[in-house]
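Understanding the architecture of this molecule
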Amino acid sequence: MLARWHALLLLHLASWASLSLADPVRSFENTAIVRTVELGGSSTHVTTSYIVRSLEAGVPAYYFALSDEELSKTSWIEAKLKGGKDTLKVQRHSVHVDDRVALYSVTLPKPLAKNASTTILVNTIQTHASKPWPPMAKQSGKQSLLYETGLYVLSPYKSITQRTKFKLPTPVVHSFTTPSAPAKFTQGSEQSPVVQSGAAITYGPFQDIPPSAETMFVDEAQENISVHYQYDHPVLAVTSLKRSAEISHWGANLNIEDKIDLRNGGPALEGHFSRVLHQMQSSRNSVPASIVRNIQMYPPAGIRDPYFYDRIGNVSTSRFRPAISSLSKQSFLELRPRYPLVGGWNYSFTLGWDAPLGDSTTYDAKEDKYTVGVPFWTHIPNAVVDEAEVTIILPEGATDISIYPPFPPNSISRRTHTTYLDTTGRPSVTFVKYGLTEKHTGLIYVSYSVSTTAHMKKPIAVGAAAMGLFVVALIVRRINPKIHKGKKTA
Amino acid sequence: MATYEDIQALHASLPPFEPIVPVWLLPILAFTLLASAFLLTFYFTTLPKSTIPVRELSVASLASVLAGFGVVALFNSVGVYV
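Source: prediction; values computed, not measured.

Here we look at the overall build of chain A
- Within chain A one finds seven helices and 30 strands.
- Here the C-alpha atoms of chain A give a radius of gyration of 30 Å, more than 25% beyond the 23 Å that 2.2 N^0.38 yields for 490 residues.
- Over its C-alpha atoms, taken along the principal directions, chain A stretches across nearly 130 × 60 × 60 Å.
- Taking all 490 residues of chain A together, the buried fraction comes to 48%.
- Here chain A displays about 23,900 Å² of accessible surface, and carbon together with sulfur accounts for 55% of that area.
- Across chain A, the centroid of the 50 positively charged side chains sits 10 Å from that of the 39 negatively charged ones.

Notes on the overall build of chain B
- Summing up its helical and strand segments, chain B has three helices and zero strands in all.
- Counting from the amino terminus, helix and strand elements in chain B follow one another as α-α-α.
- A compact globule built from 82 residues should have a C-alpha radius of gyration of about 12 Å, whereas chain B, at 21 Å, is more than 25% larger.
- Expressed along its principal axes, the backbone C-alpha trace of chain B runs to roughly 65 × 30 × 20 Å.
- Burial analysis of chain B (82 residues in total) assigns 37% to the buried set.

Structural notes on the side chain of Lys369 of chain A
Residues and elements named next belong to chain A.
- Within the secondary structure, Lys369 sits in strand β25 (residues 369-375).
- Lacking a salt bridge, the buried Lys369 has Asp400 as its closest oppositely charged neighbour, with an N-O distance of 5.1 Å.
- Of note is the side chain of Lys369, whose polar atom sits 2.9 Å from the backbone oxygen of Asp400.
- If we skip the residues at most four places from it in the chain, Lys369 touches Thr362, Tyr363, Asp364, Asp400, Ser402, Ser447, Tyr448 and Ser449.

Concerning the UniProt feature "transmembrane region" (unreviewed entry) in chain B
Residue and element names in this part refer to chain B.
- According to UniProt, the feature "transmembrane region" (unreviewed entry) maps to residues 24-45 and 57-81 in the numbering used here.
- Split by type, residues 24-45 is 91% helix and 0% strand. Its first and last C-alpha atoms lie 33 Å apart.
- Helix makes up 84% of residues 57-81 and strand 0%, with an end-to-end C-alpha separation of 31 Å.

Here's the deal with the UniProt feature "transmembrane region" (unreviewed entry) in chain A
- The residues that UniProt annotates with the feature "transmembrane region" (unreviewed entry) are residues 460-479 of chain A.
- Counted over residues 460-479 of chain A, helix gives 95% and strand 0%. Its end C-alpha atoms are 29 Å apart.

Let's talk about the side chain of Asp354 of chain A
- Locating Asp354 of chain A in the fold gives a position in strand β23 (residues 346-356).
- Here Asp354 of chain A is buried and forms no salt bridge, its nearest opposite-charge partner Arg304 of chain A lying at an N-O distance of 5.1 Å.
- Here the side chain of Asp354 of chain A touches Asn255 of chain A through a polar contact of 2.8 Å, side chain to side chain.
- Excluding its chain neighbours within four sequence positions, the residues that come into contact with Asp354 of chain A are Asn253, Leu254, Asn255, Ile303, Arg304 and Asp305 of chain A together with Tyr81 of chain B.

Here's the deal with the interface of chain A and chain B
- Taken together, the contact between chain A and chain B spans 44 residues of the former and 40 residues of the latter.
- Summed over both partners, the interface of chain A with chain B comes to about 3,600 Å²; 72% of that surface belongs to carbon and sulfur atoms.
- Interface area lost by chain A to chain B is led by Trp250, Phe470 and Arg477 of chain A, which between them contribute 20%.
- The interface formed by chain A and chain B holds two salt bridges in total.
- The partner of Arg478 of chain A in a salt bridge is Glu56 of chain B, and the shortest N-O contact between them spans 2.7 Å.

Things to note about the domain arrangement of chain A
All names here are of chain A.
- Domain annotation for chain A reports domain 1 (2-230) and domain 2 (236-455).
- If you average the C-alpha positions of domain 1 and of domain 2, the two centres end up 35 Å apart.
- Across the boundary between the two partners, domain 1 contributes 18 residues, which contact 26 residues of domain 2.
- Between domain 1 and domain 2 lies a buried interface of about 1,700 Å² when both sides are counted; carbon and sulfur atoms form 58% of it.
- Across the contact surface, domain 1 and domain 2 share one salt bridge.
- For the interface between domain 1 and domain 2, the tally reads nine residue pairs in polar contact (both at pLDDT 80 or more).
- Of all the secondary-structure elements, those providing two or more residues to the side of domain 1 that touches domain 2 are β2 (43-54), β4 (74-81), β7 (117-127) and β9 (136-137).
- Here the residues of the side of domain 1 that touches domain 2 sort into seven nonpolar, 10 polar and one charged.

Rules behind the numbers
- Residue numbering note: each chain is counted from 1, following its sequence as written.
- Whichever chain is written first is A, and whichever ligand is written first is 1; the rest continue in order.
- Local features in this predicted model are restricted to residues of pLDDT 70 or higher, and side-chain atom pairs are both shown and tallied only at a pLDDT of 80 or more, whereas totals for entire chains, interfaces and linings draw on every residue.
- Excluded from the side-chain calculations are hydrogens and water; all other atoms, namely the structure's heavy atoms, are used.
- In DSSP terms, a helix is any run of H or I states spanning at least four residues, a strand is any run of E spanning at least two, and both are numbered starting from the N terminus.
- C-alpha atoms define the radius of gyration in this analysis, and the globule rule sets the expected value at 2.2 Å times the number of residues to the power 0.38.
- The buried label goes to any residue with under 20% of its type's maximum accessible area, the exposed label to any with over 50%, and the partly exposed label to all in between, with areas taken from a 1.4 Å probe on protein chains only.
- For accessible areas, the Shrake-Rupley method is used with a probe of radius 1.4 Å. Any residue's cover is judged against the shown protein chains and nothing else.
- Neither His nor the chain ends contribute to the count of charged residues, in which Lys and Arg are positive and Asp and Glu negative.
- The atom standing in for a charge is NZ when the residue is Lys, CZ when it is Arg, CG when it is Asp and CD when it is Glu.
- For salt bridges, the criterion is a side-chain nitrogen of Lys or Arg within 4 Å of an Asp or Glu carboxyl oxygen.
- Counting of polar contacts relies on pairs of N or O atoms within 3.5 Å, with two restrictions inside protein: one atom must be capable of donating a hydrogen and the other of accepting it, and residues adjacent in sequence are counted only when both atoms are side-chain atoms.
- Whether two residues are in contact is decided by their heavy atoms: any pair within 4.5 Å suffices.
- UniProt positions are given in the numbering used here, feature names are shortened, and annotations may be inferred rather than shown by experiment.
- Defined in terms of a 1.4 Å probe, buried area is the accessible area two parts forfeit on being brought together, summed over both.
- In this document the domain limits rely on a domain assignment from an automatic tool or a database.
- Residues are sorted three ways: Asp, Glu, Lys and Arg are charged, Ala, Val, Leu, Ile, Met, Phe, Trp, Tyr, Cys and Pro are nonpolar, and all the rest, Gly among them, are polar.

This is the structure in structure tokens:
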């Protein structure tokens, strides 16, 4: 019993000690925290603005916290100073012993002087944070989503005042929770802690919240709130994306092929799908917004020959508009699946296109290196990607390969890919990443060298095969298969 | 190892990729090279058999070189970018 108490005390001291090594709790004070949650479908934008006052001089980093359930949903984090253009360096810290809260440090561009103030904006994107509620709906039913989160923004520093604001996509909100016992943080004010005005719900302001980035606060004072709102756009998810980018130096071409498994994450269909009802709704233009009939994509400009097929064969219901030369940097591709994607349904297809290699690849004559930039994924509106695997296939005989992904992937692997007219195979690099949003469409840069002898491997290989045939012909010409009749008489 | 931003800036400043053989020339090359290879192969079959096949081998090697480049050009002009 005593040993356990000792262990607990040591653990707590250790957490404080390690926290003090990294950044004492008393080095900052949050003058105000405003969290704005823009409610959406498969992706939710959360912007938290921390107005901080420095209590000590020369502290290089500010720490912010995410609860464990927020962490499991967050796919992208960015920190900036208000009014600043550059993004600040954000690092995850495993200093905190607690597993209910994750600590992140933001490196300030200039350490603050004592009692100086600044505003730090932390933008995050959460994927699959809203779930369809009710989970099943009729074919002509409306789509409603439920978003749950903690009432208070967790922070390792004391907060003087705090507010959370939800921005609804439409003013139609079915319900939102009223916090049960926030009395200790509202200072006995008669005003209700939650107020709805139009398409915004504001929780707060809450005063004098102690350092909250610890299990004790989460267990005792933290409350869960939820907002149940109507959402009139499709909720899409690409459960699996396999992209392969193949580079050809002879044909000066970059082929990008995506194998996409698309899923409608809206409420599951209750009952049968009635084609008659769907046709009637289509003719009256009253198909519910949660049913996906077509997907619009904007691949880069300059692409040609797109193809769209699935397991059955080519899907001809698609439209492609190449970019109008210098005016826009994007082409337009509209795909219509074989069947409308109702809530809970999946559709798998393969989509690919060719692009001139000069649009994405450059050549450094001094170093004799080629550098190619391949986008990680092409954003599908209203969709997030659960698992993406991007493979870049370099030409045969590529050496000195260096890779520069736009964000650290979950895994990188090297393989050899063999295709038409290959002898030794082509080096390929595969990146795997989970949880992609519209902010993850950056370019992966790969630099490599291809010597002229390596480049000539293909025609030499074909020539050698042809020469082999000629040699066989030479030999066959000289073989006389005739059975000599009666040349020697016994 | 350069950073991502360095590579991004470098990539924006370098000249774009230029193939050894211009792309518009590939279909023409495919046709001429393969046609010549075919004619040479025909000529090869008419050559007399000799003990040291010097002429046969030289015609064969020329035809294979032309066929090698012709096939690569053919693959690229029909859309299989090898």
